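The residues making up each chain are set out below.
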Number of protein chains: 2
Amino acid sequence: MTGETIRWENDAGEVSLLDQTALPGRVRRIRCRDVERLAVAIRRLEIRGAPALGVAGAFGVALAAARSRERELTRFLADVAEAAELLCSTRPTAVNLSWGIDRVLSRVRAARSIEEGRRVALAEAKSVAEEDALTCRRIGDQGAALLPDRCTVLTHCNAGALATSDWGTALGVVRSAVAMGKDVRVVACETRPLLQGARLTAWELSRDGIPVTVIVDSAAASLMQSGEVDCVIVGADRIARDAVFNKVGTYMHAVCACHHGIPFYVAAPHSTFDPGSTAADIIVEERKGEEIRFRGNEKMVPDGAGVRNPAFDATPLALVTAIITEDGILRPPYDLTAAGKRRQRR
Amino acid sequence: MTGETIRWENDAGEVSLLDQTALPGRVRRIRCRDVERLAVAIRRLEIRGAPALGVAGAFGVALAAARSRERELTRFLADVAEAAELLCSTRPTAVNLSWGIDRVLSRVRAARSIEEGRRVALAEAKSVAEEDALTCRRIGDQGAALLPDRCTVLTHCNAGALATSDWGTALGVVRSAVAMGKDVRVVACETRPLLQGARLTAWELSRDGIPVTVIVDSAAASLMQSGEVDCVIVGADRIARDAVFNKVGTYMHAVCACHHGIPFYVAAPHSTFDPGSTAADIIVEERKGEEIRFRGNEKMVPDGAGVRNPAFDATPLALVTAIITEDGILRPPYDLTAAGKRRQRR
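What you see is a predicted model, and the numbers here were worked out from it, not measured in a lab. (Residues numbered from 1 in each chain as written. Chains lettered and ligands numbered in written order. Predicted model: local features only at pLDDT ≥ 70, side-chain atom pairs only at ≥ 80, totals over all residues. Heavy atoms only, no water.)

### Quick notes on the domain arrangement of chain A
Residue and element names in this part refer to chain A. Selection rule: All the domain ranges listed were derived from an automatic or database domain assignment. By the convention used here, residues are in contact when the closest approach between their heavy atoms is within 4.5 Å. Throughout, buried area stands for the accessible area (probe radius 1.4 Å) lost by two parts on being put together, summed over both.
Here chain A is described as being made up of domain 1 (6–137) and domain 2 (140–345). Here the C-alpha centroids of domain 1 and domain 2 sit 25 Å apart. Taken together, the contacts link 27 residues of domain 1 with 36 residues of domain 2. At the boundary of domain 1 with domain 2, total buried surface from both sides reaches about 2,700 Å², with 54% on carbon and sulfur atoms. For the domain 1 face of the interface with domain 2, the top three residues by lost area are Arg48, Thr93 and Arg137, together amounting to 25%.

### A short note on unusual backbone geometry
To keep things clear, this is the line we draw: Strands are runs of DSSP state E lasting at least two residues, helices are runs of H or I lasting at least four, and both sets are numbered from the N terminus onward.
The peptide bond linking A:Arg192 to A:Pro193 adopts the cis configuration, its omega dihedral lying at 0°. Turning to its location among the elements, A:Pro193 is positioned in the loop between strand E5 (183–189) and helix H7 (196–207). Omega for the bond connecting A:Pro332 with A:Pro333 falls within 30 degrees of zero, at -5°, which places this linkage in the cis form. Following the sequence through the fold, A:Pro333 ends up in the loop between strand E17 (328–330) and helix H11 (336–345). Its identity as a non-glycine residue notwithstanding, B:Thr191 has a phi of 75°, on the positive side. Summarising the element assignment, B:Thr191 is placed in the loop between strand E5 (183–189) and helix H7 (196–207). Even without being a glycine, B:Leu195 presents a positive backbone phi close to 60°.

### Here we look at H7(B)
It helps to recall that an α-helix has 3.6 residues per turn; residues three or four apart then point in one direction. All names here are of chain B. Going by this rule: Multiplying 1.5 Å by the residue count of a helix minus one yields the expected span of that helix. The cut-offs for exposure are 20% and 50% of the maximum accessible area for each residue type, with area from a 1.4 Å probe on protein chains only; residues under the lower value are buried, those over the upper are exposed, and the others partly exposed.
Over its twelve residues, H7 extends 15 Å from the first C-alpha to the last, a length consistent with the 16 Å expected when each residue adds 1.5 Å. In terms of residue burial, H7 counts as a mostly covered element, since ten of its twelve residues are buried. Here H7 has its buried residues at Gln196, Gly197, Ala198, Arg199, Leu200, Thr201, Ala202, Trp203, Glu204 and Leu205. Buried positions along H7 lie against strand E2 (14–18), strand E4 (150–156), helix H6 (170–179), E5, strand E6 (212–215) and strand E9 (243–247). Positive phi shows up at Gly209, right after H7, with a value of about 75°.

### A word on the packing of helix H4 (residues 95–109) of chain B against helix H5 (residues 114–144) of chain B
Describing two packed helices takes the angle between their axes plus the distance from one axis to the other. Residue and element names in this part refer to chain B. We count it as follows: A fitted line through C-alpha atoms serves as each axis, taken over the contacting stretch for helices, and the angle formed by two N-to-C directions is quoted from 0 to 180°. When the near helix sits turned anticlockwise from the far one by under a right angle, the crossing is termed left-handed; a clockwise turn instead gives a right-handed crossing. Asp, Glu, Lys and Arg are counted as charged, while Ala, Val, Leu, Ile, Met, Phe, Trp, Tyr, Cys and Pro are counted as nonpolar; the rest, among them Gly, fall into the polar class.
In the contact formed by H4 and H5, the axes pass within 8 Å of each other and the chain directions differ by 150°. At the point where H4 passes H5, the crossing takes the right-handed sense. In this structure, H4 contributes Trp99, Arg103, Val104, Arg107 and Val108 to the contact, and H5 contributes Gly117, Val120, Ala121, Glu124, Ala125, Ser127, Val128 and Glu131. Residue composition of the contact of H4 with H5, grouped by class: seven nonpolar, two polar and four charged.

### Observations regarding the relation of the copies chain B and chain A
What counts, and what does not: When the copies are superposed, the least-squares fit draws on C-alpha atoms of residues that have pLDDT of at least 70 in both.
It takes a turn of 180° to lay chain B on chain A, together with a shift of 0.0 Å along the axis; the resulting RMSD is 0.0 Å. Expressed as an axis order, the relation between the two copies is that of a two-fold axis.

### Topic: the interface of chain B and chain A
Rules: The salt bridge definition used is simple: a Lys or Arg side-chain nitrogen within 4 Å of an Asp or Glu carboxyl oxygen. Any N or O atom pair separated by 3.5 Å or less is treated as a polar contact, with the protein-specific requirement of one donor-capable and one acceptor-capable atom, and with residues adjacent in sequence counted only for side-chain atom pairs.
On the chain A side, the residues contacting the 46 residues of chain B number 46 residues. The junction of chain B with chain A conceals about 4,000 Å² of combined surface from both sides, 65% of it contributed by carbon and sulfur atoms. For chain B, the biggest contributors to the area lost against chain A are B:Ser218, B:Tyr251 and B:Arg308; these three give 14% of the whole. At the junction of chain B with chain A, the criterion picks out four salt bridges. Across the contact surface, chain B and chain A share 18 residue pairs in polar contact (both at pLDDT 80 or more). The set of elements that each furnish at least two residues to the side of chain B that touches chain A consists of H7, E6, helix H8 (220–225), helix H9 (250–260), strand E14 (306–307) and strand E15 (312–316) of chain B. Here the side of chain B that touches chain A takes six residues from H9(B), the largest share from any one element. Classifying every residue of the side of chain B that touches chain A by side-chain character gives 27 nonpolar, ten polar and nine charged.

### Thoughts on the nonpolar core
The condition is simple: Buried Ala, Val, Leu, Ile, Met, Phe, Trp, Tyr and Cys residues that are joined via side-chain atoms within 4.5 Å together make up what is termed a nonpolar core.
One finds A:Ile239 and B:Ile239 to be the most contacted residues of the largest nonpolar core, which totals 136 residues. Counting 41 residues, the second-largest nonpolar core is a separate cluster that includes A:Ile6, A:Cys32, A:Leu38 and A:Ala125.

### With respect to the side chain of B:Glu4
Residue and element names in this part refer to chain B. Mapped onto the elements, Glu4 comes out in the segment before strand E1 (6–9). Since its relative accessible area comes to 17%, Glu4 is described here as buried. Setting aside residues up to four positions removed in sequence, Glu4 forms contacts with Leu18, Arg29, Trp203 and Arg207.

### Here we look at the pairing of E9(B)
Residue and element names in this part refer to chain B. This is how it is decided: Two strands pair under a simple rule: DSSP has to find at least two bridges between them.
Taken across its five residues, E9 has five buried, putting it largely inside the fold. Between strand E8 (residues 238–240) and E9, which pair antiparallel one after the other, the connecting turn spans two residues. Where E9 lies against E15, five bridges are found, and the strand directions are antiparallel. In the sheet register, Lys247 faces E15, and the bridge partner there is Phe312.

### Quick look at the confidence of the model for chain A
Under the convention used in this document: On a range of 0 to 100, pLDDT expresses the predictor's confidence in each residue.
Predicted confidence across chain A gives a mean pLDDT of 95, with 97% of residues reaching 70 or more. The complex prediction reports pTM at 0.94, with the ipTM value standing at 0.94.

### A look at the pairing of E1(B)
Residues and elements named next belong to chain B. Note that E1 and E2 share four bridges and pair antiparallel. Paired with Glu9 across the two strands is Glu14, which belongs to E2. As consecutive antiparallel partners, E1 and E2 are separated by four residues, and within that stretch Gly13 has a phi angle of approximately 65°, a positive value.

### Quick look at the pattern of salt bridges
Note that side chains of opposite charge can pair when their charged atoms are close. Throughout the structure, instances matching the rule amount to 48 salt bridges over all chains. Of the charged contacts in the structure, one is a salt bridge between A:Glu285 and A:Arg287, with a shortest N-O distance of 2.9 Å. Summarising the burial analysis for this pair, A:Glu285 and A:Arg287 share the class buried. Measuring nitrogen to oxygen at the nearest pair gives 3.1 Å for the salt bridge that ties B:Glu4 to B:Arg207. Within this pair, whereas B:Glu4 is found in the segment before E1, its partner B:Arg207 is found in helix H7, the two being separated by 203 residues in sequence. The partly exposed category is assigned to B:Arg207, whose relative accessible area is 42%.

### A closer look at the sheet that holds strand E2 (residues 14–18) of chain A
All names here are of chain A. The sheet built from three strands is open, its strands ordered E1-E2-E3 with antiparallel pairing. Unpaired on one side and paired on the other, strand E1 (6–9) and strand E3 (29–32) mark the two borders of the sheet. When the angles between neighbouring strand axes are averaged without regard to direction, this sheet yields 25°. As paired elements, E2 and E3 share four bridges and run antiparallel to each other. Its bridge partner lying in E3, Leu17 is registered against Ile30.

See the structure below:
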């Protein structure tokens, strides 16, 4: 499904994406004619998932370059930089977003004409998307070797094709294992409050014919207890020097996996690595309480009560059995700085 | 709020209960004119919570006795026994339900006339309700001593006044501590899939002016990690010789509390004890997948995916710091048989 999650529409010169808030009920695409609409899409989670946000950031800068009405190079560059800043501000935790933005922006800045700036921006953004799809395949193939021939994988949120250009990270490992002939079943935690596990992971796996069962997040530990989970695989929004930031609930699964002696894997591209930061440096996005307060239009929390809605949590690397990257499996003690350097060399 | 959760309406000779599926949006009472309607109320969770189910079972038998049209004692007893069986079949896990039913049924069986049967049934059912309220006060007062003067208590589901005749078990401890002048804040896990934490715990605590904050269940571990939780207190649906059965998610909190060195308390009356059983003997109720598949009328899980919806999980007693009962605090190694004997002596 390359390009299904997000792609550049050559005919119209705009970005289109699959509306992930409408799944699984409706399959519909959103056309972003300008950066403002794309920023709204990111904020509304119409597109989400760290690697997909990297691609969205990249296409966003290309879109800004294509749409700028400035006729003078310096002003054009200022225009594109402003759009990049808007995109960057949409979500603070995932490092891939700013990574994708910066990668395209640095190409635009080196351009000697507006025309060249537009051309290199689009070319670079398309490269980011294609590389992401390839990276996921490599992550999948690396990780598949870790799985037994018959196993049940528990995952949280959606680190699948919908969170990337294609194939997925955590679900990429599952897809590669299935492609190798392994018998893999998936337990998808529904992932409150926005149910990306129920809505997205279950949708994309069942569409591929991979057996998937949805549970409430808090039932995971009891499935581990009864021996029904062979390993946990999750994606990552950012991997700092000492902790993995991922959808809230990831940390709970890591603690419970550790308690039960079950391997806990993180599948993520190097673009997710942020070895310059520690957990203490990273802002965890606090989303609106309404996501918890309401079920549709119905109030689920009385007005007199408070609500806290952190989008992510931090899993210390000490609880991570291995990190599955496109270049291989990292094991403790983790040296993210070396991995970061490898990324910069590219 | 004694009698608010469930009570006998003397004028009409029927059972009325607060519809817990309508909270917090609407506060409305359901009138049960016959046992069939009460059984429906239990199945629909219009009334729930282990101690409240004990009271419901007791009033249900009294209602059956009041409503029976039989004019011959043996047939009357058969009629009441049949109603008791219907009530007992509504929910398999909570032991209090059958405990409340049996307690009233044994009184009816000893009656020498239908009239006497009706009278003793109602008197015994009212005793069950009153004793439950007193028991909760005693649990609360015992447990309050365990709490620091300033603390944050994390709880799961609703083990409050709405789950009992009054005061609550886990929330009874909080209420007693507040009544003693302690500064107690509560973190209420929303409790998927039916949101008893968000809807019920937050409602009854905020109504009492006790500060309460709602989180998604899977955020609990990260609050423990950041030092924002001083202890966990939950209720219990059944305490077997080796494990506490309570709302699914309880086990996850116990594992995470243990990982963070945070005390994990279970507050429950002796009527919840089942020392004759071990975890392996107990049927965990599997509820309809629809509770997870739908949000209102909107489909959240695609048809191709499976769903599992266990209502309870089993927390090994090894993870429980203390059990708070009406007679005192039990500490490991737990001797439930002695506690069970104490109950039988009454």
